[in-house]
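Residues per chain are reported as follows:
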Amino acid sequence: MLNSSLLQLGSALRAKTISSVELTQLYLDRINALNPALNAYITTNFESSLAQARAADTLLASDKAQPLTGIPIAQKDIFCAKGWRTTCGSRMLENFIAPYDAHVIEQFNNAGAVNLGKTNMDEFAMGSSNETSHFGAVKNPWDRNAVPGGSSGGAACAVAARLCAAATGTDTGGSIRQPAALCGISGIKPTYGTVSRYGMIAFASSLDQAGPMARGAEDLALMLNVMTGFDERDSTSLQRDKEDYARDLSKPLAGLRIGLPKEFFAEGLSQDVASCVNEAIAEYKKLGATIVDISLPNSRLAVPVYYVLAPAEASSNLSRYDGVRYGYRAPEYTDLADMYEKSRAQGFGAEVKRRIMIGTYVLSHGYYDAYYLQAQKIRRLIAQDFENAFKQCDVIMGPTSPSTAFDLGSKGDDPVQMYLSDIYTIAVNLAGLPGMSIPAGFGSNGRPVGLQIIGNYFKEAQMLNVAHQYQLATDHHGRAPQNIEL
Ligand code: GLN
């Protein structure tokens, strides 16, 4: 069961080979056994999960089941889920019980899926290693001395360690793709505006986008079918016809044009990652694809541009945490201003404070034109680079991350080194394009390597097809870490 795809689990549930209660209990037992060491989940609520499983079994008995009915899914702790503690990895929201469901949670509930719990993440999704979480670091199930990546590190760990059938994540600069790569699983960040941000705690609103994380592309398609769709409660939600993301999975790849940006294979890429990515490209050639050399000349500016724009938006979004309406309030203070100051000083961690300060600075009078406005202009040029590239190719490929998972604690003192983990992913968010990561083998240290696939706007179905055909020909995505008691 633990290695079954979502399609297989759905068939087993509908054929009554297993009930949703049994399947949910199987995962809850694993969470009990493995989560104390891995720390993938911040909050579980076994009673609530089992109640959802019982309701799913009733649906399954009545033939009203949908593809994900009865399937246990892990939800990133950035999504408000009614009655569930929703922390966003922060002390600020340590005791916050969400009074309503995020759009994404609502969609899974309507599909009859079971919420297994809320997964660990970097505080307010700021980080690439899950080490900024107020609830402690997450271990990489392939090597417990390594980080799982971030910010959706708990989700990636939970999928890789078989502590859920699939999971949700969010990606502002790489937070679905980078942890997927570092934990040897698959993940897709769809085109900006495809999944509603309603009830998803905001970090940088013009970049934030939710997406699924699972073992293979076929599972991602089923998850995306549930998560997407117009929602009038998010002003950036796109009004498009509902699509079936699994519709093209089995198309052959003959004639596919793959663009390889020279900037993604330059200095800074580790040998381990380069050789796995090159092997994957060779496999694609066997599958009938042709290779086109392309250039994304402004991509070198993506990290600096992102670290102006994302903190600017964060400084504004996080101003709501003032200790007044909800969230952490300092126990002692002298007056209102002192209460704001102490609540924010004690409620936020160091990385979040760093971003708020940078963001406030770049938006301040006198610096706005020099930093914020300039960054917006370069953002446009970065999007233009992709537009030009997609005139020559159908998809772009390269590494997801410059190295395999790094050791816990090894980059904590050097924020710039940490920021560079997302050097290949961030441009995609700045352009609003869809991007995904799929497993492409292992480095010499035994840690997983991810292949990044970038598509043109709304080409998710094509990207999933490209990923699925590779996954039919290889078995990297089917491998499981040792010592997870399968
Ligand atoms: N690692 C990047 C950051 O720290 C991206 C995070 C994300 O995508 N949420 O901002």
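Owing to the predicted nature of the structure, the values given are computational and were not obtained by experimental measurement.

J.: Would you take a moment to explain the site of the ligand for this structure?
T.: Taken together, 15 residues lie near the ligand, and Gly173, Ser175, Tyr306, Arg355 and Asp422 sit nearest. One nitrogen or oxygen atom from the side chain of Tyr307 is found 3.3 Å from an oxygen atom belonging to the ligand. Look at the ligand: alone it shows 290 Å² of surface, and the protein chains cover 100% of it. Comparing atom positions with the cavity grids shows the ligand to sit within the second largest cavity. Class assignment of the residues belonging to the shell around the ligand gives a composition of five nonpolar, seven polar and three charged.

J.: Quick question: what am I supposed to make of a nonpolar patch on the surface here?
T.: Judged by side-chain polarity, Val324, Leu336 and Tyr340 come together as a nonpolar surface patch covering roughly 260 Å² of accessible area. Within the element layout of this structure, Leu336 appears in helix H10 (residues 336-347).

J.: Could you clarify how one ought to interpret the packing of aromatic side chains in this entry?
T.: Each aromatic ring pair is summarised here by two numbers: the centre-to-centre distance and the angle between the ring planes. For the coordinates displayed, the defined rule picks out 15 aromatic pairs. A ring pair is formed by Tyr307 and Tyr419, whose centres lie 3.8 Å apart and whose planes are at 10 degrees; its orientation type is stacked. Taken as a pair, Tyr307 in helix H9 (residues 302-317) and Tyr419 in helix H13 (residues 415-419) lie far apart in primary sequence, 112 residues in all. Taken as a pair, Tyr307 and Tyr419 share a single burial class, namely buried. Ring geometry for Tyr368 against Tyr372: centres 5.1 Å apart, planes inclined by 35 degrees, an arrangement best described as tilted. Linking Tyr368 with Tyr372, this pair stays in helix H12 (residues 368-389), spanning four residues, or about one helical turn. Judged by relative accessible area, which is 33%, Tyr368 ranks as partly exposed. The class of Tyr372 is buried, set by a relative accessible area of 14%. Positioned above the aromatic ring of Tyr198 is the side chain of Arg233, whose terminal nitrogen or guanidinium carbon lies 4.0 Å from the ring centre. Above the plane of the ring of Phe458 lies Arg240, whose end atom (NZ or CZ) is 3.6 Å from the centre.

About the thresholds
- Residues numbered from 1 in each chain as written.
- Predicted model: local features only at pLDDT ≥ 70, side-chain atom pairs only at ≥ 80, totals over all residues.
- Heavy atoms only, no water.
- Near = heavy atom within 4 Å.
- Polar contact = N/O pair within 3.5 Å; in protein donor to acceptor, adjacent residues only side chain to side chain.
- Areas by Shrake-Rupley, 256 points an atom, 1.4 Å probe, with all protein chains shown as cover.
- 1 Å grid on protein atoms, 1.4 Å probe; cavity = no way out; pocket = protein on both sides within 12 Å on 5 of 7 lines; lining within 4 Å.
- Sits in = over half its atoms within 2 Å of the grid points.
- Nonpolar A, V, L, I, M, F, W, Y, C, P; charged D, E, K, R; others polar.
- Patch = residues over 30% accessible without salt bridge, like charges linked within 9 Å, V, L, I, M, F, W, Y side chains within 5 Å.
- Salt bridge = Lys/Arg side-chain N within 4 Å of Asp/Glu carboxyl O.
- Helix = DSSP H or I, 4+ residues; strand = E, 2+ residues; numbered from the N terminus.
- Phe/Tyr/Trp six-rings, centres within 6.5 Å; stacked < 30°, edge-to-face > 60°.
- Buried < 20%, exposed > 50% of the residue type's maximum accessible area, 1.4 Å probe, protein only.
- Lys NZ or Arg CZ within 6 Å of the ring centre and 35° of its normal.

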